[in-house]
Amino acid sequence: MNQLIRHYQQTAMRYIDSRHGSDGDWLTGRRQAAVRHFAELGFPHSRTEAWRYTGIEGLMRQGFELTDRFDAFPRHAVMRRFLREPTAARLVFVDGLYQADLSDTGLVGVRVGSLREAMAVGDRQVLEAVGSLSGLGDHGFEALNLAALQDGAVIRVSAGVTVQQPIELLHLAGKGATGRAMCPRHLVMLEADASANLVERYLAMDGETAYFNNLVCEITLAERASLVHQRIQQESAQAYHLCDIHLGLQGEADYQGVNAAVGGAWSRTRVHCRFAEPGANCELDGLYLAGEGQLTDFHLDLDHAVPYCDSRENFKGILHGGGKAVFDGLIQVREQAQGSNAHLSNANLMLSRRAEVDAKPQLLIHADDVQCSHGASIGQLDDQAIFYLRSRGFDEGQARRLLCQGFANEIVERFQSASLREQLSEVIGQRLEE
Amino acid sequence: MLSIKHLSASVDGKAILKGVDLEVRAGEVHAVMGPNGSGKSTLAHILAGRDGYTVTDGEVHYMGRDLLEMEIEERARQGLFLAMQYPMELPGVNNMIFMREAMNTRRKSQGKEAMDAVSFMKLVREKAKLVKLDERLLKRSVNAGFSGGEKKRNEILQMALLEPLLAILDETDSGLDIDALRSVADGVNRLRSPQRAMIVVTHYQRLLDYLEPDHVHVLAEGRIVRSGGMELARELEAKGYGWLLDEVAA
Ligand SMILES: Nc1ncnc2c1ncn2[C@@H]1O[C@H](COP(=O)(O)OP(=O)(O)OP(=O)(O)O)[C@@H](O)[C@H]1O
Ligand SMILES: [Mg+2]
């Protein structure tokens with residue numbers, strides 16, 4: 001393992017050198033600090049509770065490089081994947097790198113652009129926001145993301161501005177991503193009373209390419225700001241996808257996140273929400289689908305550090321074939337966080353005997369005047385419901401598909417965008433109707 | 001159309017049906033009455049293909065085919081429909097989509113084109129009006145949180161859409177208010193034709209007054225113990241089952 005760490009440490013240093021100081025002293029210093037932090041942390045191992053059920057052996061065996069290579073796609077192939085609804089702005093990333101010619105960023109009252117551009121011009125205000133919520137990283141991969149930071153979205157909505165239509169972040173990976181670790185980082189900042197709707201998708205242009213998407217997302221909502229955040233991970237069947245989302249919520253801010261993880265060979269999404277001031281609200285919904293050869297992991301970490309904040313999480317998973325899922329939902333209510341409301345629920349539908357789920361909802365409550373609940377369930381399809389559907393002429397495959405779509409529906413409905421709802425229902429249908 | 005010969009069946013080793021004989025020809029309406037627990041739903045379930053029952057003896061033919069050998073969905077696609085005594089709830093499955101897909105599956109098996117969403121919507125609204133089903137229920141999950149009567153109306157709506165050849169109604173009238181009973185009876189009567197047949201399981205004469213069945217049967221202790229016409233239903237309404245069971249025992 002030490003050898004591996006040294007190898008990636010050197011790889012990261014080479015990556016920093018290859019940038020020839022174009023990031024400016026401040027960011028270069030941060031990158032170097034992140035490499036040192038990585039060397040201390042190493043890669044996560046199964047002895048740490050948070051990684052106990054999510055092995056990284058496959059990823060380590062495969063290895064990855066830190067480079068800025070990408071393969072352009074025909075314009076029409078990219079456009080076909082655009083969100084169908086009208087958008088306020090769009091940022092397209094191919095193999096982890098921003099594509100200005102496919103993007104659209106002219107918005108009043110909103111600053112939308114790429115981190116790459118900010119690095120190129122040495123935009124101090126943007127660069128100093130890097131790591132403001134994540135620090136140097138909670139685990140080795142997150143430290144590597146900062147060390148080898150390539151690109152990402154920078155979105156800043158000015159005070160009082162409402163952006164009705166979605167801001168779309170579209171990530172496409174193709175052959176050019178083969179063998180690479182992409183290290184994007186998104187910085188989202190909503191100033192006081194601002195509101196926006198962010199759609200973030202990870203799609204594969206080629207179903208079999210093997211790559212590693214190692215991303216970090218830092219979202220700050222100032223007083224009374226509100227963000228709807230719709231995310232879909234539909235990477236290639238061979239891909240590794242790791243995402244750390246950090247939320248910093250100020251007074252009365254409102255964050256509504258809905259996640260779907262349906263692709264990738266291995267994917268892990270962690271949402272870390274820190275309530276910084278009273279009155280904030282955080283809602284997270286999620287759906288995961290894992291079949292043969294897939295592992296999906298969601299880690300939620302809600303930190304009620306101040307009084308009178310609300311959190312609600314509802315995650316549902318469908319496991320088929322030899323699919324594996326990990327769900328870890330931690331709610332911490334600290335001593336001073338009186339008047340907290342925190343509710344967490346996780347339900348898993350197992351379609352096969354070989355499927356596996358490790359579900360762990362946890363409440364750590366140190367305040368007394370709080371309302372908290374949590375629950376996890378694991379169940380199968382109801383035979384009587386299958387009979388009912390078959391008695392109406394559906395074959396067994398259709399019956400199972402309808403019931404699975406029904407199970408997932410509660411989460412699918414949380415996606416505001418109709419085309420995303422359709423995309424998801426279709427994926428569930430295709431995957432489950434053998 | 002349907003020929004049941006000496007059908008015997010058990011559940012968990014307990015004999016429930018003990019030699020049921022019943023002939024149903026196209027165009028006929030048969031009523032099946034009988035005390036609670038006598039095996040009426042068991043019979044209906046076996047005809048629809050629900051598991052959990054072991055057929056220990058006898059045979060059933062439907063449209064010349066061995067019904068018991070047919071898959072559940074194959075029976076449905078060949079026109080058999082069971083309106084259940086306790087319809088299942090399907091959380092998250094949209095009622096409208098469920099009915100449209102069911103209808104299109106049936107059409108496909110008849111070699112017909114699938115119906116587009118707009119024409120289907122029109123048709124389902126029309127039929128919902130006939131069975132007096134609140135249109136809002138079409139937007140909800142199938143039967144989930146429906147009242148008892150709403151579930152029954154939803155069954156009849158499915159029947160009206162699927163236009164089965166053999167409809168089996170298991171106590172569809174129980175739990176219905178008087179107006180709904182009337183509309184269910186109208187729905188059934190509208191489906192009546194020389195090509196179709198129905199088996200109506202009921203405890204009440206009221207539905208039979210509307211339907212005027214050709215035959216009335218009493219199922220007791222796992223067998224059809226008496227068959228007759230409407231007069232038998234009237235006699236049962238007036239006197240209950242005791243006298244009949246005594247006569248059979250004697
Ligand atoms: N799964 C089962 N396990 C054990 N007994 C069963 C099962 N299903 C049915 N039975 C029994 O079989 C008998 C017949 O039940 P069935 O539901 O067919 O009666 P029914 O004539 O429809 O009655 P009702 O008029 O109350 O609807 C009852 O005694 C019932 O308890
Ligand atoms: Mg019954």
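One structure accompanies this document, and this report is about it. Predicted model, so just to flag it, every value in this text is computed and none were measured. (Residues numbered from 1 in each chain as written. Chains lettered and ligands numbered in written order. Predicted model: local features only at pLDDT ≥ 70, side-chain atom pairs only at ≥ 80, totals over all residues. Heavy atoms only, no water.)

1. Some remarks on the packing of aromatic side chains
Two measures describe an aromatic ring pair: the distance that separates the ring centres and the angle between the ring planes. All names here are of chain A. This is how the line gets drawn: Pairing of aromatic rings covers Phe, Tyr and the six-membered ring of Trp, with a centre-to-centre limit of 6.5 Å; geometry is then stacked below 30 degrees between planes, edge-to-face above 60, and tilted otherwise. Any residue under 20% of the maximum accessible area for its type is buried, any over 50% is exposed, and the rest in between are partly exposed; the area is computed with a 1.4 Å probe on protein chains only. As a reminder, the over-ring test applies to NZ of lysine and CZ of arginine, requiring each to be within 6 Å of the ring centre and within 35 degrees of the ring normal.
Scanning the entire structure with this criterion turns up 14 aromatic pairs over all chains. Measuring from centroid to centroid gives 5.1 Å for Phe38 and Phe43, while their planes differ by 70°, and the two rings are edge-to-face. Of the two residues examined, Phe38 and Phe43, each falls in the buried class. Taken together through their ring pairs, the aromatic side chains of Tyr8, Phe38, Phe43, Trp51, Phe64, Phe141 and Phe212 make up a single cluster. Geometry around Trp51 places Arg268 over its ring, the cationic atom sitting 3.6 Å from the centre. When the ring centre of Phe407 is taken as origin, the NZ or CZ atom of Lys316, which lies over that ring, is 4.4 Å away.

2. A short note on the pattern of salt bridges
All names here are of chain A. Cut-off, in case you're wondering: Only one rule defines a salt bridge in this text: a Lys or Arg side-chain nitrogen within 4 Å of an Asp or Glu carboxyl oxygen. Strands are runs of DSSP state E lasting at least two residues, helices are runs of H or I lasting at least four, and both sets are numbered from the N terminus onward.
Within this structure, the stated rule accounts for 43 salt bridges over all chains. Residues Glu191 and Arg156 are paired through a salt bridge, measuring 3.0 Å at the closest nitrogen-oxygen approach. Pair noted here: Glu191 is in the loop between strand 7 (185–190) and strand 8 (195–204) and Arg156 is in strand 4 (residues 153–157), with a separation of 35 residues, a long-range link. The exposure class assigned to Glu191 is partly exposed, which follows from its relative accessible area of 21%. Each of the salt bridges in this network shares a partner with another, and the network as a whole consists of Arg19, Asp23, Arg31, Asp68 and Arg116.

3. Side note on the interface of chain A and chain B
Here is the rule we go by: Two residues qualify as a contact provided that any one of their heavy atoms is within 4.5 Å of a heavy atom in the partner residue. Put simply, buried area is the surface a 1.4 Å probe can reach on two separate parts but cannot reach once they are joined, added for both. Here a polar contact is recorded for every N or O atom pair within 3.5 Å, except that within protein the pair must consist of a potential hydrogen donor and a potential acceptor, and residues adjacent in sequence are included only if both atoms are side-chain atoms. Throughout, the ten residues Ala, Val, Leu, Ile, Met, Phe, Trp, Tyr, Cys and Pro are labelled nonpolar, Asp, Glu, Lys and Arg are labelled charged, and all others, Gly among them, are labelled polar.
Each side of the interface is counted separately: chain A has 19 residues, and chain B has 27 residues. When the buried area of chain A at its contact with chain B is split by residue, Phe387(A), Tyr388(A) and Arg392(A) rank highest and sum to 39% of it. Between chain A and chain B we count four salt bridges in total. Note that Glu155(B) is salt-bridged to Arg392(A), the shortest N-O span being 2.7 Å. Our enumeration of links across chain A and chain B arrives at twelve residue pairs in polar contact (both at pLDDT 80 or more). Elements supplying a minimum of two residues to the side of chain A that touches chain B: helix 8 (383–390) and helix 9 (396–412) of chain A. In terms of residue count, the dominant contributor to the side of chain A that touches chain B is helix 9 of chain A (eight residues). The class makeup of the residues in the side of chain A that touches chain B is eight nonpolar, six polar and five charged.

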